[in-house]
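# Topology and contacts: notes
Residues per chain are reported as follows:
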Amino acid sequence: CNSEVALGCIIEAHRSGKEIEVFATEVRPRNQGYITIKTLNDAGIKTNFIVDSAVRSFIRDIDLVIVGADAVTVNGAVVNKIGTSQVAHTAAEARIRVLVAAETYKFAPRTVAGDLIEIEERAASEVLPDEFARTLPHVTVRNPAFDVTPPEYIDLIITEQGVIPPQMAYTIIREHLGWDIATFR
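The present account deals with the structure reproduced in this document. These numbers were taken from a predicted model, which means no experiment stands behind them. (Residues numbered from 1 in each chain as written. Predicted model: local features only at pLDDT ≥ 70, side-chain atom pairs only at ≥ 80, totals over all residues. Heavy atoms only, no water.)

### Considering the layout of surface pockets
Its volume calculated, the largest pocket comes out at about 1,000 Å³. Along its surface, the largest pocket is lined by 42 residues, and Ile 10, Val 22, Phe 23, Leu 64 and Ile 66 are the ones closest to its centre. Classifying every residue of the lining of the largest pocket by side-chain character gives 24 nonpolar, 10 polar and eight charged. Of the voids in this model, the second largest pocket is the one considered here, and its volume is about 150 Å³. Around the second largest pocket sit Thr 73, Val 74, Asn 75, Ala 77, Val 79, Thr 111, Gly 114, Asp 115, Leu 116, Ile 117 and Val 148, which together line it. By residue class, the composition of the lining of the second largest pocket is six nonpolar, four polar and one charged. (1 Å grid on protein atoms, 1.4 Å probe; cavity = no way out; pocket = protein on both sides within 12 Å on 5 of 7 lines; lining within 4 Å. Points joined across faces, edges and corners; volume = space filled by probe spheres on them. Nonpolar A, V, L, I, M, F, W, Y, C, P; charged D, E, K, R; others polar.)

Below, the structure is given as structure tokens:
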């Protein structure tokens, strides 16, 4: 998905003189990838725009994966736009590092007590126009907005407090978000 924090990392690296070429995905069904490629283009960064399912075809051309996060759980799993886990899994298989850029406010303290982050399902009409869907009485469209990337597919999480491995996500929750164990009673 379009992540201002992930883009900020890329743009800052470009400004510091690093030679960068980006592979950005379209991010179906809402095409948030358009925002990403416009931002990268405006920053003067060479960008390849690919369909979501083409990640495996181009993974050998990629040195590093940077994604954003909608939430980070206590065990370092990352909830983000649907398709993030697929990208991270593909990168892990190819032995390419995966970095998550996330502000500390996105760390989810309630996951300490076992709370799960609900995965929203959006309208079927985002994927299949209603008028066509009505002609397919035996078809159900599933449109989850997010997925969960397991911590074993993530190398590092970049925050404004520093860089940590996903297994240390609890330290952000404990030290920077200030939870007390009594909070979870």
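Now that the structure is up, let's keep going.
### Structural notes on the pairing of strand β5 (residues 78-81)
Within a regular beta strand, the side chains point alternately toward one face of the sheet and then the other, so they alternate between its two faces. Note: strand β4 (residues 71-72) against β5, two bridges, orientation antiparallel. What sits directly across from Val 72, in β5, is Val 78. Hairpin geometry of β4 and β5 is characterised by an intervening segment of five residues between the two adjacent antiparallel strands and by a positive phi of about 90° at Gly 76. By the bridge criterion, four bridges tie β5 to strand β7 (residues 146-149) in an arrangement that is antiparallel. Looking at β7, one finds that Val 79 is bridged to Val 148. (Pairing = 2+ DSSP bridges. Helix = DSSP H or I, 4+ residues; strand = E, 2+ residues; numbered from the N terminus.)

### Some thoughts on the side chain of Asp 147
Mapped onto the secondary structure, Asp 147 falls in strand β7. No salt bridge is formed by the buried Asp 147. Its closest oppositely charged neighbour is Lys 81, at 9.6 Å. Of the polar contacts made by the side chain of Asp 147, one reaches the backbone nitrogen of Thr 84; its length is 3.4 Å. Excluding its chain neighbours within four sequence positions, the residues that come into contact with Asp 147 are Val 78, Val 79, Asn 80, Lys 81, Ile 82, Gly 83, Thr 84, Ser 85 and Gln 86. (Buried < 20%, exposed > 50% of the residue type's maximum accessible area, 1.4 Å probe, protein only. Lys, Arg positive; Asp, Glu negative; His and termini not counted. Salt bridge = Lys/Arg side-chain N within 4 Å of Asp/Glu carboxyl O. Polar contact = N/O pair within 3.5 Å; in protein donor to acceptor, adjacent residues only side chain to side chain. Contact = heavy atoms within 4.5 Å.)

### With respect to helix α2 (residues 33-42)
Residues of α2 that are buried include every one of Gly 33, Thr 36 and Leu 40, and no others. Buried residues of α2, seen end-on, are gathered within an arc of 55° and therefore sit on one face of the element. Exposed side chains of α2 directed beyond 90 degrees from the buried face belong to Asn 41 and Asp 42. Its buried side turned inward, α2 meets α1 (4-15), β1 (21-25) and β2 (46-50). With its phi angle positive at about 80°, Gly 44 sits one or two positions after the end of α2. (Arc of directions from axis to C-beta.)

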